[in-house]
Amino acid sequence: MAYTPTAMRIAFLGTPAFAVPPLEALHRAGHELVAVVAQPDRPAGRGQALREPATKAWARERGLPVLQPEKVRDGRLAAELGALRPDALAVAAYGRILGPDLLRLAPLGAVNVHGSLLPRWRGAAPVQWAVASGDRETGVTIMQMDEGLDTGDLLLQRTLPIAPGDTALALSPRLAALGGEALVEALDGLARGTIVPVRQDPTKVTLARILAREDGRVDWSRPASEIEARLRGFAPWPGAFTTLDGRLLKLLSATVGDLPGAAGAPGSAARLAGRGLAVACGGGTALLVTRVQPEGRPPQEALAFLNGLRREAVTLGT
């Protein structure tokens, strides 16, 4: 269904690549972007050179004003944005918690694009946890922000299937594009008074906490399907890794299956001719690991890795 949005003055707050499609959608819809607020440039890469946020680069190419405050709760950002008289604040992956002065600054408040079907996966890593947990669908939520962590009223939701083999890295751009469309529609509905905010069901809340490095450590006592889902959800960081003879071994690709040769205690692994490394997992399941990266070496096929070891079987997690 096509929408003809009511043109508004929008202050946009967002930082990484995920925020660019919603920003672009507002621009295409004819809204006036009075400012783009992003986090400050940060060191990145091996050389630790300063890198500008994706939203800043997008805004700079179009001659739009950019603000990059170090702090957002000292009143200065609210004063700067207030002087611009926005009708609404649109927020997508900004990475900072907004105070009451910003939440109540604009007539339509602050509207957030969140990469899950709230109240499932509140928090910092909703796309990663949805994939890692084996969810079959996810989506985006446009939410009226309040002072809690993703606790605001729901304005609009759109679903998206998670296909077998989807990674969080592949799913994120699709969610961002869907979020842009939904954001334009929700803002228009707010302006016209056709959207009724709905409170979140507190009995259905799950948390998508910030990922830690140890989340990537493979627990071979888990079923193979859970390990494979976590591998896809946690790529590229923290990834999925185990140890072999005390050295780190990253798992780059794997599939679940009924594999001959995958027997013994969880973590027992053997060559599966022409296919990869068959690893016994919890519950009598098995994982076929096809590509790995040994510590201090480039990625390689699992069979080539075994050839280098000159071993037909190994025990992972040792």
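Residues numbered from 1 in each chain as written. Predicted model: local features only at pLDDT ≥ 70, side-chain atom pairs only at ≥ 80, totals over all residues. Heavy atoms only, no water.

1. Section: the side chain of R230
Counting through the fold element by element, R230 comes out in helix 7 (residues 224-233). Although R230 is buried, it makes no salt bridge; D215 carries the closest opposite charge, 4.4 Å away. R230 has contacts with W129, A132, D215 and R222, leaving out every residue within four places of it along the chain. (Helix = DSSP H or I, 4+ residues; strand = E, 2+ residues; numbered from the N terminus. Buried < 20%, exposed > 50% of the residue type's maximum accessible area, 1.4 Å probe, protein only. Lys, Arg positive; Asp, Glu negative; His and termini not counted. Salt bridge = Lys/Arg side-chain N within 4 Å of Asp/Glu carboxyl O. Contact = heavy atoms within 4.5 Å.)

2. Details of the nonpolar core
Counting residues in hydrophobic clusters, the biggest one holds 46 residues, and the most contacted among them are I10, F12, L26, W129, I142, L183 and L187. Top element by residues in this core is helix 6 (residues 168-192). It accounts for eleven residues. Every residue in contact with L187, bar those within four places of it in the chain, is listed here: M8, I10, L26, A88 and V111. (Core = buried A, V, L, I, M, F, W, Y, C linked by side-chain atoms within 4.5 Å.)

3. Details of the packing of helix 1 (residues 20-28) against helix 6
Direction vectors running N to C along helix 1 and helix 6 enclose 40°, while the axes themselves pass 7 Å from each other. On the basis of their axis angle, the class for helix 1 and helix 6 is oblique. In terms of crossing hand, the pair formed by helix 1 and helix 6 is right-handed. On the side of helix 1, the interface is formed by P21, P22, A25 and L26, while helix 6 contributes A176, A177, G179, G180, E181, L183, V184 and L187. Residues belonging to the contact of helix 1 with helix 6 are distributed by class as follows: nine nonpolar, two polar and one charged. (Axes fitted to C-alpha atoms, helices over the stretch in contact; angles between N-to-C directions. Parallel < 35°, antiparallel > 145°, perpendicular 65-115°, else oblique. Left-handed = near helix turned anticlockwise from the far one by under 90°. Nonpolar A, V, L, I, M, F, W, Y, C, P; charged D, E, K, R; others polar.)

4. Description of the sheet that holds strand 6 (residues 88-92)
Spatially, 5-2-1-6-7-9-10 is the arrangement adopted by the seven strands of the open sheet, whose pairing is mixed. Both edges of this open sheet fall to strand 5 (66-67) and strand 10 (153-161), since each of them pairs with a single strand only. Relative to strand 5, strand 2 (residues 32-37) runs parallel, the two being bridged by two bridges. Bridged to V37 within strand 5 is L67. Packed onto the sheet, helix 6 meets strand 1 (9-14), strand 6, strand 7 (110-114), strand 9 (137-144) and strand 10 and runs at close to 145° relative to strand 10. (Pairing = 2+ DSSP bridges.)

5. Considering empty space enclosed by the protein
By the definition in use, this model includes one cavity of 30 Å³ or more. The volume enclosed by the largest cavity comes to roughly 60 Å³. What lines the largest cavity is D215, G216, R217, V218, D219, R222, I227, R230, F234, G239 and A240. (1 Å grid on protein atoms, 1.4 Å probe; cavity = no way out; pocket = protein on both sides within 12 Å on 5 of 7 lines; lining within 4 Å. Points joined across faces, edges and corners; volume = space filled by probe spheres on them.)

6. Section: the packing of aromatic side chains
Applying the stated rule across the entire model yields two aromatic pairs. Considering the side-chain rings of W129 and F234, the 5.2 Å spacing of their centres and the 80° angle between planes classify their relative orientation as edge-to-face. You can see W129 sitting in helix 5 (residues 126-132) and its partner F234 sitting in the loop between helix 7 and strand 12 (240-244), a full 105 residues away along the chain. Both residues of the pair, W129 and F234, belong to the buried class. Connected via pairs of aromatic rings, a cluster forms that spans W121, W129 and F234. (Phe/Tyr/Trp six-rings, centres within 6.5 Å; stacked < 30°, edge-to-face > 60°.)

7. Re the environment of I142
Relative to the helices and strands, I142 is located in strand 9. Residues within four places of I142 in sequence aside, it is in contact with V111, N112, V113, D153, L154, L155, L156, G179, A182, L183 and A186.

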